[in-house]
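Observations on chain architecture
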Amino acid sequence: MSRQQSFNFQTFLDYSSVGNMQERKVIVQAIQLWQPIKKGTSIVSEAYRCAINEVVADEKINQFIQNQPHLKPQIITKLIEALEAIQLTIAHTPTFEEEKQRCRQFESIPNNETIHQRLLNTSEVLTTEDIKSYIAKEETLNNQPKLNQDNALKALHQKMIKHWSKLFKATKKESSQSDLAIKLKAQGIKDSTEKEEKLLNGFKSLTLEEFKDKMESYPYFKRFLKQHYPKDYIVIHYERQFKKIMETDLEVDVKKRATLRKDFHKAWVEKINIEILSKQIQRIDKERKEAIQALYSKIDDIYEILKLLQPFVDDTTNFGRLWDLSLSDIRVTDLSLLQDYAKLLERNKDLIELARALGRFRLAEAAYEKEIIANAVQQSKPVINAYGKSELVGITESDDLNHVLPTELALFSDQSTENIFFKRFAEKKLQTFNLIDKSSENYTSIKEEEQSKKVNKDKGPIIIAVDTSGSMTGEPEKLAKIIAFAITKIAVSNNRKAYLITFSTRMRTIELTNFQNSLPDLIDFLEMTFSGGTDPGIAVNEAIRKMKDETYQNADLLVVTDGIFYDINHRTSSQMITLKDKGNKFNVLIIGSSPNQNALTDFDNVWYYKEDDSIKRLVEQIKQLNT
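Remember, predicted model here, so these are calculated numbers, not experimental data. (Residues numbered from 1 in each chain as written. Predicted model: local features only at pLDDT ≥ 70, side-chain atom pairs only at ≥ 80, totals over all residues. Heavy atoms only, no water.)

Counting its secondary structure elements, the protein chain contains 24 helices and ten strands. Counting every position in the protein chain, which comprises 627 residues, the buried fraction comes to 41%. The long-range fraction of contacts in the protein chain, counting pairs at least 24 apart against all pairs at least 6 apart in sequence, stands at 76%. With an accessible surface of roughly 35900 Å², the protein chain has 49% of that area assigned to carbon and sulfur atoms. (Helix = DSSP H or I, 4+ residues; strand = E, 2+ residues; numbered from the N terminus. Buried < 20%, exposed > 50% of the residue type's maximum accessible area, 1.4 Å probe, protein only. Contact = heavy atoms within 4.5 Å. Areas by Shrake-Rupley, 256 points an atom, 1.4 Å probe, with all protein chains shown as cover.)

Spelled out as C-alpha cells, the structure:
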C-alpha cells in the first residue's frame with residue numbers, strides 16, 4: 001500500500017531504535033487504537049508515553065484526522081519521527097564526563113592530604129555555596145585539634161583562677177582579724193593581701209597566649225604561689241596538667257575527614273545525576289513541544305492549501321499529494337488568479353456544462369476489488385484500577401507530576417531546594433495523591449473481515465490544445481482560458497490525466513496530472529497575453545505523440561482556436577486517421593466566425609461559438625453530437 005494508505009508498523013517494530021521490542025509492540029497497539037497509554041500499566045518509557053499521549057489526546061490533531069482521515073498515516077509518521085527524535089535526545093544527552101572525572105579525582109585524594117579548592121572551583125554542577133560550605137567544614141575539622149587544645153587551656157586557666165581565688169579569700173579573712181593587720185591599717189600601711197589581690201586580678205586578665213607564655217616560663221605569680229601556699233602544691237599540680245595538654249597530638253581525625261569527604265562525594269555524584277536527568281527532561285520536553293508545533297504548523301498549512309486549491313479540488317479524500325504540498329511552494333504563484341476564474345465559473349454554470357460536454361466523460365465498466373476492513377469492537381469489564389483517577393484514597397510516592405502535592409511543588413519553586421525536587425522525581429518519591437478507579441474499564445479489540453468493493457476504472461485522459469496566437473486576443477482569449485481552466489478543474493477533481501498544449505508559432509506543454517509541479521505553469525498560461533502566428537500542426541503532432549504513450553492511448557484531443565490557420569499537412573492527417581481507427585477523437589471548438597474550413601475537415605467534431613451565441617445552445621449541440 002502507498003504511504004497515503006497506511007503506515008508500515010512492521011518496519012517500525014523491526015528496525016526502530018525506539019525502546020525495546022516489547023515497548024514498541026505496546027506503542028504500535030496504542031497508535032493503532034489511537035488511545036493513550038495509561039501511567040503505571042505499561043512498560044513503555046515515560047518519555048515515549050507522554051509524547052504519544054500528547055498527540056493522541058490533542059483536540060486539534062483529532063479534529064484534523066476526523067476531517068482528513070486519509071492523512072492519518074502522515075500524522076502517525078510524524079509521531080514516530082518524534083519518538084525517534086526523543087530516542088536520539090536520550091542517546092545524546094550530555095554525560096558530564098569531565099565533571100565525573102573531577103569527581104573521581106576528588107575521591108582519589110588521600111584523607112591525610114589537603115583538598116585544593118581549585119579542583120572544586122572548576123566544577124560545572126557545584127555552586128559557590130556548595131564549595132564554600134565544604135571548605136568551611138574541612139577547615140573546621142583541620143582546626144579542631146588546636147581548638148580542643150585551646151579550650152582545654154582556657155578551662156585550666158579558669159580552674160587556677162577559681163582555686164587561687166578560694167585560697168586568697170581564706171587568707172584575706174584570716175589576715176583581717178590579726179592584730180598586726182589592724183595596727184597596719186590604722187597607720188595607713190597596706191598589708192600583703194592587697195598585693196596578692198592585685199596579682200590575682202592580673203592573672204585573671206591574661207589572654208590565652210599570655211597564659212601559655214607564663215605557664216611555660218617561671219614568672220612572679222608562680223614564685224608567689226609557691227611561697228604563700230606551699231602545702232597546696234597549686235603550682236606543681238597545674239603545671240602537670242598544662243604539660244599534659246601541650247603534649248596532646250594535634251593531628252586531624254582522619255576518620256572524620258574521610259566521612260566528610262565521602263558524604264561530599266556522594267552529594268556531588270547526585271548533583272551530576274540530577275543535572276543529567278534535568279538536561280534530559282528539558283531536551284525531551286523541547287522535542288515533544290517541537291513535534292506538536294510541527295504538526296500544528298503542517299495542519300495549518302494543509303487547511304490553507306485546501307482553501308487555495310478549492311477551485312480545483314472539491315474532495316481531498318483521495319488527493320494523496322496533499323501532505324507533500326508545501327504552502328511556500330504554492331504561494332510563489334498568484335493564486336488570486338485561480339480564485340478569480342473559480343468565481344467566474346460559479347457565476348456562469350453554463351461554462352462548466354460546456355467544459356463537461358467538450359470532453360469524453362464515459363465511465364469504464366464496473367470492477368470489483370477485495371479489501372480488508374478493520375472494525376473496532378468496544379467492550380468493557382469490571383475492574384478496580386489502581387492507576388485510575390476518579391477516587392482519592394490517600395497519599396503515595398511516585399513521579400506523577402499531574403497529582404503532586406503543593407508542598408512538593410514548593411520545593412521546585414525555590415532555586416535552593418529544586419535539586420531535592422529533581423532527586424525525588426528521579427527516584428519516584430514525590431508525595432502525590434493516590435487515586436484509583438472503581439468503575440468498569442472499556443477496551444477495544446480489532447476484528448478484520450474481507451469485503452468486496454465496487455470501483456470504477458479511471459476515466460479517459462484529456463488533451464487540450466489552446467491557440468495562443470494574436471488573432472485570439474480579446475473575447476476568444478478569455479473564453480479559451482476559462483474553458484481550459486474548467487476542464488483542468490474537472491480532470492484534477494476526478495483524478496484524470498490531463499495534458500495542456502499551447503501553440504502559436506511555438507509550442508509549450510503542461511502535464512496537468514503532476515498538479516504540484518504544473519500549478520505555476522498553469523497560472524503562467526492564464527496570465528499570458530496571446531500573440532504571434534498560428535501553426536496548429538505542431539499542436540496536433542504533439543497530441544499524436546502523446547496518444548502513442550501508454551497512459552494516453554484512450555485520449556481525445558480538443559483544440560480551442562479561432563480557426564485562422566493553414567491546412568494540416570498530409571503526413572499529420574494520415575496519422576490522425578490511424579488513431580481515429582483505434583478510437584481516439586480529434587475535436588475542435590471554433591471561437592469566431594472566420595475559420596479555414598479546409599483545415600477543419602480532418603477533425604471528428606467541429607463546434608462553433610460566436611460572441612452573440614448562447615453557451616447553453618452550444619452545450620446542447622455538443623451533447624447531441626456525442627450521443
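This part covers the packing of aromatic side chains. Per the stated rule, a full pass over the model turns up 13 aromatic pairs. Among the aromatic residues, those joined into a ring-pair cluster are Trp 164, Phe 203, Phe 211, Phe 221, Phe 224 and Phe 242. A cation over a ring is seen here: Lys 60 above Tyr 296, with NZ or CZ 4.7 Å from the ring centre. (Phe/Tyr/Trp six-rings, centres within 6.5 Å; stacked < 30°, edge-to-face > 60°. Lys NZ or Arg CZ within 6 Å of the ring centre and 35° of its normal.)

Notably, Trp 34 is not glycine yet its phi reads approximately 55°, a positive angle. Looking at the secondary structure, you find Trp 34 in the loop between helix H2 (21-33) and helix H3 (46-56). The buried category is assigned to Trp 34, whose relative accessible area is 14%. We note that Phe 96 has phi near 55°; this positive angle belongs to a residue other than glycine. Along the polypeptide, Phe 96 turns up in the loop between helix H5 (72-91) and helix H6 (97-108). Using a relative accessible area of 12% as the deciding quantity, one classes Phe 96 as buried.

Here we take up the packing of helix H22 (residues 536-547) against helix H23 (residues 570-581). Remark: H22 packs on H23, axes separated minimally by 10 Å, with the N-to-C direction vectors making an angle of 35°. The two elements H22 and H23 meet at a crossing, and its hand is left-handed. For the pair formed by H22 and H23, the contact residues are Val 540, Asn 541, Ile 544 and Met 547 on the first element and Thr 572, Gln 575, Met 576 and Leu 579 on the second. When grouped by side-chain class, the residues that make up the contact of H22 with H23 number five nonpolar, three polar and no charged. (Axes fitted to C-alpha atoms, helices over the stretch in contact; angles between N-to-C directions. Left-handed = near helix turned anticlockwise from the far one by under 90°. Nonpolar A, V, L, I, M, F, W, Y, C, P; charged D, E, K, R; others polar.)

Let us now look at H2. Under the 1.5 Å per step criterion, the end-to-end length of H2 is 18 Å for 13 residues, consistent within 8% with the ideal 18 Å. Those residues of H2 lying buried are Glu 23, Arg 24, Ile 27, Val 28, Ala 30, Ile 31 and Leu 33. The N-capping residue of H2, defined by a side-chain oxygen 3.1 Å from the backbone nitrogen of Gln 22, is Asn 20. (Expected span 1.5 Å × (residues − 1). Polar contact = N/O pair within 3.5 Å; in protein donor to acceptor, adjacent residues only side chain to side chain.)

Across the protein chain, the average pLDDT comes to 78, with 74% of residues at or above 70. Across residues 325-334 the pLDDT falls below 50, and counting only partners more than four positions away or on other chains, this stretch makes 21 contacts in the model. Long-range and interchain partners of residues 360-368, a stretch whose pLDDT sits below 50, account for 23 contacts in this model, where long-range means more than four residues apart. (pLDDT = per-residue confidence, 0-100.)

For H22, built from twelve residues, the straight-helix expectation of 16 Å at 1.5 Å per residue is met to within 8% by its first-to-last C-alpha distance of 17 Å. Most of H22 sits out of view: nine of its twelve residues are buried. For H22, the secondary structure elements touched by its buried residues are strand S5 (462-467), strand S6 (498-503), strand S7 (507-511), strand S8 (556-561), H23 and strand S9 (586-591).

Spatial ordering of the open sheet is given by S7-S6-S5-S8-S9-S10, a layout of six strands whose pairing is mixed. Since the sheet does not close on itself, it has two edges, and those belong to S7 and strand S10 (605-609), each with one partner. Going across the sheet, the axis of each strand differs from the next one's by a mean of 15°, ignoring polarity. Bridge count between S8 and S9: five bridges; the pairing is parallel. (Pairing = 2+ DSSP bridges.)

Core analysis: the largest hydrophobic core is formed by 33 residues, its most contacted members being Ile 27, Ile 31, Trp 34, Ile 61, Ile 75 and Leu 83. With residues up to four places along the chain from it excluded, the contact list for Ile 61 reads Trp 34, Val 55, Ile 75, Ile 292, Leu 295, Tyr 296 and Ile 299. (Core = buried A, V, L, I, M, F, W, Y, C linked by side-chain atoms within 4.5 Å.)

Looking at where Asn 587 falls in the secondary structure, it is placed in strand S9. Among the polar contacts made by the side chain of Asn 587, one reaches the side chain of Asn 605 at a distance of 3.0 Å.

Here we take up the environment of Tyr 48. Mapped onto the elements, Tyr 48 comes out in helix H3. Separated by 38 residues in sequence, Tyr 48 and Ile 86 have C-alpha atoms that sit 7.5 Å apart. If near-sequence neighbours (up to four positions away) are discounted, Tyr 48 is found in contact with Val 18, Gly 19, Glu 23, Ile 27, Leu 83, Ile 86, Gln 87 and Ile 90.

Relative to S7, S6 runs antiparallel, the two sharing five bridges. In the strand pairing of S7, Tyr 499 is matched with Glu 511. From the end of S6 to the start of S7, which pair antiparallel, there are three residues.

Moving on to the packing of H3 against H5. Packed helices, taken two at a time, are described by their axes: the angle between them and the distance between them. Running from N to C, H3 and H5 cross one another at 155°; their axes reach a closest spacing of 10 Å. What the angle tells us is that H3 and H5 run roughly antiparallel. Seen along the crossing, H3 lies across H5 with a hand that is right-handed. Contacts between H3 and H5 pair Ala 47, Tyr 48, Ala 51, Ile 52 and Val 55 from the former with Leu 79, Leu 83, Ile 86, Gln 87 and Ile 90 from the latter. For the contact of H3 with H5, the per-class residue count stands at nine nonpolar, one polar and no charged. (Parallel < 35°, antiparallel > 145°, perpendicular 65-115°, else oblique.)

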